[in-house]
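Spelled out from the first residue to the last, the chains are:
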Amino acid sequence: MANQDFFSLYKNIIAIPSISSTDPKWDQSNQGVIRLLADWFGQLGFQCDVTALPDLPGKYNLVATYGQGEGGLLLAGHTDTVPFDQGAWRKDPFKVTEEGNRLYGLGTIDMKGFFAFIVEALKGIDLKTLNKPLRILATADEETTMAGARAIAAAAELKPDYAVIGEPTGLVPVVAHKGHMSEAIRITGRSGHSSDPANGINALEIMHQAMGQVLALQRSLKDKYADHRFAVPQPTLNLGYIQGGDSPNRICGCCELHIDMRPTPQVGPDELLGLLKEALSPIEIHQPGCLHLQHLHEPIPAYACDDSSLLVREAEQASGKRAESVNYCTEAPFIQQLGCQTIVMGPGHIAQAHQPDEYLDLSFVEPTKAVLQHLIRRFCV
């Protein structure tokens, strides 16, 4: 591994499929990537601990540690990728293609490639000079349930002073982001023949009323809960999916709506869910027992850190970029539960993530390596 150049590192990690998806036909184990990373960091002298995630066969976390004790720096990333649209990709998603000063491939920036950056940065550091531990965390299923990061937070065994999550931020330190909630609203009516509407309870009609209430909530979030750290200031609410009925000549007996909500640091998941329940309460009063709410996944809270903290100042100095807040979400709120100053900062741009022909612009290589080396020396030497 030590003799592999940067391109070879990238090529080898991208070549191992590690898709996570709620759809079983897409979902894959991340074990191959974890084994590769354990080999990389093991050869560098790190102690590598691989942990299987409970109740998730084939899913693993890796913690690689150089040094002893608590404190120091944690460099974190996820090993999974999103699924890909084969018809939209012009290049092989599992074969790194270098073209036009770019490296193309699934996971080049989101975000398996970040681990190759860490290895490349470590080649320029004498690890024997470290007097604080350096840890590398590689997690499973960030793109779906964040089960890997949740398990690390629940175990609470890591105690770093500082943590950097290498998501593609354009090498800008990110100090706050929104959370994510996916909620199902299910209306259960009573089916019947369309020739006599009184003999049934039309779930579509009730859902129409429910959607009116949800859209009123959407407007109120914009008016009442602005947080101007974000380009989109309010907690957002999106109607994303609806299904109901089976035939025009039957009264619809069931209808389901899926919505996406994005909590902010000021308005958390519990409060947003409470506002949703309050908005839908007239439906329940008018048709008792017809409405059911359900999480499509466990809510992901928003994240924010002190933008004047030492880690932020050092990251700004090393990158030459001012800290920002973003609308997407990461594993940061779970890593932050370890009690460490936490930022999100990595190579590549979020605009390329989850897109056909995902790519890393090679202009990020030297600056990212320099930033990582600066932070390792600052917090571990």
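Described in the following lines is the structure provided in the data block. (Residues numbered from 1 in each chain as written. Predicted model: local features only at pLDDT ≥ 70, side-chain atom pairs only at ≥ 80, totals over all residues. Heavy atoms only, no water.)

### Focus on the overall build of the protein
How we decide: Counting from the N terminus, the helices are the DSSP runs of H or I reaching at least four residues and the strands are the DSSP runs of E reaching at least two. Restricting the calculation to C-alpha atoms gives the radius of gyration, and the globule rule supplies 2.2 Å times the number of residues raised to the power 0.38. Working definition: with a 1.4 Å probe on protein chains only, accessible area under 20% of the residue-type maximum means buried, over 50% means exposed, and in between means partly exposed. Between two residues, a contact is recorded if the distance between any of their heavy atoms is within 4.5 Å. Here the Shrake-Rupley method, with its probe set to 1.4 Å, supplies the accessible areas, and only the displayed protein chains count as covering residues. Only four residue types enter the tally: Lys and Arg on the positive side, Asp and Glu on the negative side, with His and both chain ends excluded. For the purpose of locating charges, the reference atoms are NZ of Lys, CZ of Arg, CG of Asp and CD of Glu.
Helix and strand counts for the protein come out as 9 helices and 18 strands. Compactness check: the protein gives a C-alpha radius of gyration of 23 Å against a globular reference of 21 Å for 381 residues, within 12% of the reference. C-alpha atoms of the protein, sized along the principal axes, occupy 80 × 45 × 40 Å. Of all 381 residues assigned to the protein, the portion counted as buried reaches 52%. Pairs at least 24 residues apart make up 80% of the contacts formed inside the protein by residues separated by at least 6 positions. About 16700 Å² of surface is accessible on the protein, with carbon and sulfur atoms providing 48% of the total. With 31 positive and 44 negative side-chain charges, the protein shows a separation of 3 Å between the mean positions of the two kinds.

### Looking at the sheet that holds strand S4 (residues 97–99)
The line we're drawing: Being paired, for any two strands, means DSSP has found at least two bridges between them. To obtain an axis, a line is fitted to C-alpha atoms, over the contacting stretch when the element is a helix, and the angle between two such axes runs from 0 to 180 degrees between their N-to-C directions.
Overall, antiparallel pairing links the 3 strands, which are arranged S4-S5-S18 in an open sheet. Each edge of the open sheet carries a strand with a single partner, namely S4 and strand S18 (359–361). Put simply, the sheet's adjacent strands are angled 20° from each other on average, direction ignored. Note: S4 against strand S5 (residues 102–104), 3 bridges, orientation antiparallel. Bridge pairing links Glu 99 to Arg 102 in S5. Where helix H1 (residues 6–14) meets the sheet, its contacts fall on S4, S5 and S18, and the angle it forms with S5 comes to roughly 20°.

### Comments concerning the nonpolar core
Which entries qualify depends on this criterion: Here the nonpolar core consists of buried residues drawn from Ala, Val, Leu, Ile, Met, Phe, Trp, Tyr and Cys, with membership extended through side-chain atoms lying within 4.5 Å.
Among the nonpolar cores identified, the biggest contains 72 residues, and Trp 40, Phe 41, Leu 73, Leu 134 and Ile 343 are the most heavily contacted of them. In terms of residue count, helix H3 (residues 113–122) provides more of this core than any other element does, 8 residues in total. Apart from residues no more than four positions distant in its own chain, Leu 134 is found in contact with Phe 46, Ala 64, Thr 65, Tyr 66, Leu 73, Leu 75, Leu 122, Ile 376 and Cys 380. Counting 26 residues, the second-largest nonpolar core is a separate cluster that includes Cys 252, Leu 275, Ala 279 and Leu 291.

### What to know about the pairing of strand S7 (residues 162–165)
Alternating positions in S7 separate into two faces, Tyr 162 and Val 164 on one and Ala 163 and Ile 165 on the other, with burial throughout. Two strands pair when backbone bridges link them, and strand S3 (residues 73–78) and S7 are joined in this way by 4 bridges, in the parallel orientation. Following the sheet pairing, Leu 75 is matched in S7 by Val 164. As paired strands, S7 and strand S17 (residues 341–344) are joined by 4 bridges and run parallel to one another.

### Remarks on the layout of surface pockets
Operational definition: Cavities and pockets are found on a 1 Å grid laid over the protein atoms alone: a cavity is a set of points where a 1.4 Å probe fits but cannot escape, a pocket is an open set with protein on both sides within 12 Å along at least five of seven lines, and a lining residue has an atom within 4 Å of such a point. Grid points are joined across faces, edges and corners, and a volume is the space filled by probe spheres set on the points. Three categories are distinguished: nonpolar for Ala, Val, Leu, Ile, Met, Phe, Trp, Tyr, Cys and Pro, charged for Asp, Glu, Lys and Arg, and polar for the others, with Gly belonging to the last. Residue ranges for the domains trace back to a domain assignment, done automatically or taken from a database.
By volume, the largest pocket is sized at about 720 Å³. In terms of lining, the largest pocket is formed by 23 residues, of which the most central are Val 82, Glu 142, Glu 143, His 180 and His 354. Taken together, the residues of the lining of the largest pocket sort by class into 9 nonpolar, 9 polar and 5 charged. Here the lining of the largest pocket spans two domains, since at least three of its residues come from each of domain 1 (6–176 + 302–380) and domain 2 (180–300). Around the second largest pocket, the lining is made up of 14 residues, and of these Thr 51, Val 63, Ile 152, Ala 155 and Glu 157 lie nearest the centre. At the level of secondary structure, the elements contributing two or more residues to the lining of the second largest pocket comprise strand S1 (47–52), strand S2 (60–66) and helix H4 (147–155). Here the lining of the second largest pocket gets 4 residues from one element, more than from any other, and that element is S2. A per-class count over the lining of the second largest pocket returns 9 nonpolar, 3 polar and 2 charged.

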